[in-house]
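Breakdown of the fold
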Amino acid sequence: MALKAVQRQTEAVGKMDIREEKTMSQEKVIVLDFGGQYNQLIARRVRECHVYCEVYPHSVSVEEIRQLQPKGIIFTGGPNSAYLEDSPICSKEVLELGVPVLGICYGAQVIAHLLGGSVKTAPTSEYGKTDVHVDPASMLFDGVHADTVCWMSHTDYIETLPQGFSIIGHTPVCPVAAMENTQQKLYATQFHPEVMHTVEGQRMLSNFVYNICGCTGDWKMDSFVDKTIREIREKVGDGKVLCALSGGVDSSVAAVILSKAVGRQLTCVFVDHGLLRKNEGDEVEAVFGPQGPYDLNFIRVNAQERFYQKLSGVTEPETKRKIIGEEFIRVFEEEAKKIGVVDYLVQGTIYPDVIESGLGKSATIKSHHNVGGLPDFVDFKEIVEPLRLLFKDEVRQAGRELGIPEYLVSRQPFPGPGLGIRIIGEVTAEKVKIVQDADAIYREEIANAGLDQSVSQYFAALTNMRSVGVMGDGRTYDYAVALRAVTTTDFMTAECAEIPFGVLQRVMNRIVNEVKGVNRVVYDLSSKPPGTIEFE
């Protein structure tokens, strides 16, 4: 029985998402996305308050919102102008549900526009850290210093208030940096409380979900794990399950959840596509194979040449992702036929994968091989994605609740398409070996320097740039390797890690001396945004 991949977007998460029963039984806040780059971050910050939160497109119907029974609603920012005819807008009825609403940036302007206020181009735009004066008497700013630093990013502003609103925050050039209508439970900030640059932003969001929405904070990881195992067991029954096991944190946690739910009905297929880190295929087999600690049916498929052939001549990043995603599915289908009828396919998809692969009319940042990269038809009855509603650090928490060893739970993130997106341009076996060797050296030196626990993610990538060098008094014309290291709490925003120069110098010396085909090493200083953590 085929399942169309296009039906698996966030608005219709999929038959085995177990979302409806889970989310209806607990308090929740929902985020309506107007195309803002921080939509995930808002949801993550709310969850840090132990309140469950999901992101929906701004076009979600009022009736659907009623069925969700949210305790609160948050409008995201966005790049548009609320007063233009073709700009994203929601129904005015959302503001009349009696549910507290917090509008952020463009979301604040949407509230003002819908309720008769005036939104216009600001005489002076504000970007970056900004001194904002707020009213601590407002429930939104309870415990917040009257003069605080917030993150602004706007060219429009609220010129005049809607009826019934009062100003609770301003800057010298922005008369309505925050507003409220306490009777209707409507609040708005022109700045972004969700980003870390807003010094007291987390307190503001906590005030909203607890003081204004009346949440109690019942989102706990232990209850999520227990309930997910129980629901999967009831859903699967005596069906056969095939798990896409990469050995990374996400698929490992998904595999152990399924193992605890259905035991030997689960078969884990590990596809070594030739795009893994050095020696990683053997390491994965050592953990999940017959000699490992888990009672799993484990199959290793060595498909390196198959993937290299499919990727031959391909340079466009999205095309590479989709090719890798489709080949994954095809390999799983083939393995499923060998073991008989398989009812369910398990994937370690997590929430940022879903949102970054496109939510409603939001911009697609990149297609993930296990979401937007799926082929049109998938030859399984249903797809099981037990982690689909979790952020990365929540997945790690779930792993700890399941008793997975810390060295697996805290493992460095690794993208599903593997080194295919850490090699700029065409992927070849020669390039894979170069980046594997360079990356192994980098990771070894980071660990030797005691930085492996303080840096959130670090890796080497192979650029498509070749340049002239001199080695042994001879001319070379070889590749440049780029080193990347970032610090982050949620993997949605990230800063370049300040690796000591001496460490970088040791890494450079070893790579150019030990890795054939490399004569130059560079260090990527980019943050996210404007860049992403991965290169493609």
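Look above for the structure.
What this report covers is the structure whose coordinates are included nearby. (Residues numbered from 1 in each chain as written. Predicted model: local features only at pLDDT ≥ 70, side-chain atom pairs only at ≥ 80, totals over all residues. Heavy atoms only, no water.)

For helix 2 (residues 39–48), the tally of buried residues reaches nine of 10 residues, placing the bulk of the element in the interior. Of the residues making up helix 2, those classed as buried are Asn39, Gln40, Leu41, Ile42, Ala43, Arg44, Arg45, Val46 and Arg47. Residue histidine 50 follows helix 2 closely and has a positive phi angle near 65°. (Buried < 20%, exposed > 50% of the residue type's maximum accessible area, 1.4 Å probe, protein only. Helix = DSSP H or I, 4+ residues; strand = E, 2+ residues; numbered from the N terminus.)

Attention now goes to the pairing of strand 13 (residues 297–302). Bridge count between strand 12 (residues 266–272) and strand 13: six bridges; the pairing is parallel. Residue pairing in the sheet places phenylalanine 270 in a bridge with arginine 300 of strand 13. Between strand 12 and its parallel partner strand 13, the chain crosses via helix 8 (residues 280–288), and the hand of that crossover is right-handed. (Pairing = 2+ DSSP bridges. Right-handed = clockwise from strand over helix to strand, strands pointing away.)

Moving on: helix 5 (residues 201–212). Its 12 residues place the ends of helix 5 15 Å apart at the C-alpha level, agreeing with the 16 Å of an ideal helix rising 1.5 Å per residue. Of the positions making up helix 5, those classed as buried are Gly201, Met204, Leu205, Asn207, Phe208, Val209 and Ile212. Buried residues belonging to helix 5 abut strand 2 (28–33), helix 2, strand 4 (72–75), strand 5 (101–104), strand 7 (147–160) and strand 10 (186–189). A positive backbone phi angle near 75° is found at glycine 214, which sits one or two residues after helix 5. (Expected span 1.5 Å × (residues − 1). Contact = heavy atoms within 4.5 Å.)

What follows covers the packing of aromatic side chains. The description of an aromatic ring pair uses the distance of the two centres, along with the angle that the planes make with each other. The tally for this structure, following the rule as stated, stands at nine aromatic pairs. Look at phenylalanine 270 and phenylalanine 298: their rings are 6.3 Å apart centre to centre, the planes differ by 20°, and that puts the pair in the stacked class. With a gap of 28 residues between them, phenylalanine 270 in strand 12 and phenylalanine 298 in strand 13 connect regions that are remote in the sequence. With relative accessibility at 0%, the residue phenylalanine 270 sits in the buried group. You can call phenylalanine 298 buried: its relative accessible area is 15%. (Phe/Tyr/Trp six-rings, centres within 6.5 Å; stacked < 30°, edge-to-face > 60°.)

Let's shift gears to the pattern of salt bridges. Summed over the entire model, instances satisfying the criterion amount to 29 salt bridges. Between arginine 400 and glutamate 406 there is a salt bridge, and its shortest N-O distance comes to 2.9 Å. When its relative accessible area of 40% is taken as the criterion, glutamate 406 is described as partly exposed. Through salt bridges with shared partners, a single ionic network connects Glu444, Glu445, Arg506, Arg510 and Glu514. (Salt bridge = Lys/Arg side-chain N within 4 Å of Asp/Glu carboxyl O.)

A few words on the layout of surface pockets. If you add up the space inside the largest pocket, you get close to 720 Å³. Forming the boundary of the largest pocket are 29 residues, of which Tyr407, Ser410, Arg411, Gln412 and Tyr458 lie nearest the centre. Elements supplying a minimum of two residues to the lining of the largest pocket: helix 8, helix 12 (392–401), helix 13 (406–409) and helix 14 (429–448). In terms of residues, the lining of the largest pocket owes the most to one element, helix 8, which gives five residues. Per-class residue counts for the lining of the largest pocket are 10 nonpolar, eight polar and 11 charged. (1 Å grid on protein atoms, 1.4 Å probe; cavity = no way out; pocket = protein on both sides within 12 Å on 5 of 7 lines; lining within 4 Å. Points joined across faces, edges and corners; volume = space filled by probe spheres on them. Nonpolar A, V, L, I, M, F, W, Y, C, P; charged D, E, K, R; others polar.)

Keep in mind these values describe shape, not function.
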